[in-house]
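A closer look at the structure
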Amino acid sequence: MGKFTVDADWLHWHQSPSKPEFVVPEGAVDAHCHVFGPGDQFPFAQERKYTPCDASKDQLWALRDYLGFSRNVIVQATCHGADNRALVDALNHSNGMARGVATVKADITDEELQALHAAGVRGVRFNFVKRLVDALPFDSLGTIAEKIKPLGWHIVIYFESQELPELYDFFTSLPTTVVVDHMGRPDISKPVDGSEFALFLKLMEENKNFWSKVSCPERLSLVGPEGRYEDVVPFAREVVTRFEDRVLWGTDWPHPNMKNHMPDDGHLVDVIPKIAPTEALQRKLLIDNPMRLYWAD
Ligand SMILES: O=C(O)c1cc(C(=O)O)oc(=O)c1
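Residues numbered from 1 in each chain as written. Predicted model: local features only at pLDDT ≥ 70, side-chain atom pairs only at ≥ 80, totals over all residues. Heavy atoms only, no water.

A short note on the pattern of salt bridges
Going by this rule: Think of a salt bridge as a Lys or Arg side-chain nitrogen and an Asp or Glu carboxyl oxygen that are within 4 Å of each other. Exposure classes here rest on a 1.4 Å probe applied to the protein chains alone. A residue is buried below 20% of its type maximum, exposed above 50%, and partly exposed in between. Counting from the N terminus, the helices are DSSP H or I runs at least four residues long and the strands are E runs at least two residues long.
One pass over the structure, following the stated rule, counts 22 salt bridges. For D65, the salt bridge goes to R64, with nearest N and O atoms at 3.0 Å. By relative accessible area, which is 14% here, R64 ends up buried. The salt bridge involving E206 is made with K202; its shortest N-O contact spans 3.3 Å. With E206 and K202 both in helix 6 (residues 195–206), this residue pair falls 4 residues apart, about one helical turn.

Structural notes on the packing of helix 6 against helix 8 (residues 233–242)
We apply this condition: Helix axes are fitted to C-alpha atoms over the stretch in contact, other axes to C-alpha atoms as well, and angles between N-to-C directions run from 0 to 180 degrees. Roughly parallel covers angles under 35 degrees, roughly antiparallel covers those over 145, roughly perpendicular covers 65 to 115, and oblique covers all other angles. What makes a crossing left-handed is the near helix being turned counterclockwise from the far one by less than a right angle; a clockwise turn instead makes it right-handed. Contacts: residue pairs with any heavy atoms within 4.5 Å of one another. We call Asp, Glu, Lys and Arg charged. Ala, Val, Leu, Ile, Met, Phe, Trp, Tyr, Cys and Pro are nonpolar, and the rest, Gly among them, are polar.
Axis separation between helix 6 and helix 8 bottoms out at 11 Å; the angle between their running directions is 20°. As the angle between them shows, helix 6 and helix 8 are arranged roughly parallel. Seen along the crossing, helix 6 lies across helix 8 with a hand that is right-handed. Across the interface between the two elements, F197, F200, L201 and E205 from helix 6 touch F235, E238, V239 and R242 from helix 8. Considering only residue class, the contact of helix 6 with helix 8 consists of 5 nonpolar, no polar and 3 charged.

Some points on helix 8
Note that an α-helix has 3.6 residues per turn; residues three or four places apart therefore point the same way. Definition in use: Here the arc refers to the set of directions running from the helix axis out to each C-beta atom.
For helix 8, the complete set of buried residues consists of V233, F235, A236, V239 and V240. End-on, the buried residues of helix 8 take up no more than an arc of 165°, which puts them together on one face. Against the buried residues of helix 8 lie helix 6, strand 7 (210–213), strand 8 (247–248), helix 10 (272–275) and helix 11 (279–294).

Things to note about the site of the ligand
Rules: Being near a molecule or strand, for a residue, means having at least one of its heavy atoms within 4 Å of it. Pairing of N or O atoms within 3.5 Å defines a polar contact, subject to two protein rules: one partner must be a possible hydrogen donor and the other a possible acceptor, and residues neighboring in sequence count only if both atoms are side-chain atoms. Per-residue and other accessible areas follow the Shrake-Rupley method at a 1.4 Å probe size, with only the shown protein chains counted as cover for residues.
Around the ligand, the structure places 16 residues, and the nearest of them are Y50, T78, R125, R131 and Y158. At 2.5 Å from an oxygen atom of the ligand is found a side-chain nitrogen or oxygen belonging to Y50. Here an oxygen atom of the ligand sits 2.7 Å away from a polar atom, N or O, in the side chain of R131. If the ligand stood free it would expose 330 Å²; the protein chains cover 100% of that surface. Among the residues forming the shell around the ligand, the class breakdown is 5 nonpolar, 6 polar and 5 charged.

Here is the structure:
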């Protein structure tokens, strides 16, 4: 029995995903995934909004190999708050094949930032999704942005589309490369050429320092796994084809807070050729872009 009790409605990550039909190119990067604990080794944060099942680095490497990927970008999960030990441990045991995005507080010291950099961290995450965190005030986020800028790091932002109008000016004031998680979570019941998604496309179009992850069809889709997430494809394809040098893809394993189903990771990989229909786009999405952002040195 572990130290933590998993949430009663928690869905465990898929135990036997299918082998993808799409063969990912050699050297591909899964640029958005997480590790959870294990909780008895790396305790979940006091202030967390959910308690997940464990999802260890070794289980992540096994999935990476099974799906045909070479590298991972591990994003600090909110259940670990600003305690990056599980993330750093995974990075330190990755043989250089994983890089990280941390969560930090405004009082972090330069020495602590240097230690994270040495482990392979290349960015920080600012989260605005209310069910996941109590967001830090803008001035604290501004302080963090100024502290991480000299390291050449970027900022990953997670928000839901209805929040974008309010957050737009803050986002565009950020002084680094900014990576939007999961396309800014569009409401895909609205049209792909409608005003809500247009604001996100404008953000990308007018701010060349903005990148987007075209991940998480399983969180956005209304047709779900039975429809192979087809309804999300037009949104993701629009982003990939318009901003081909500023897009990333990730599994989002182990898929925190999925409530209606747990995706088959092989099926998620099979969405890639639909949203990046040419080999050249697939190379940029899976290799060139993530390598430039995370393995530039
Ligand atoms: O939508 C979510 O629940 C979610 C949560 C987290 C996290 O807890 O860090 O990360 C994600 O990328 C997505």
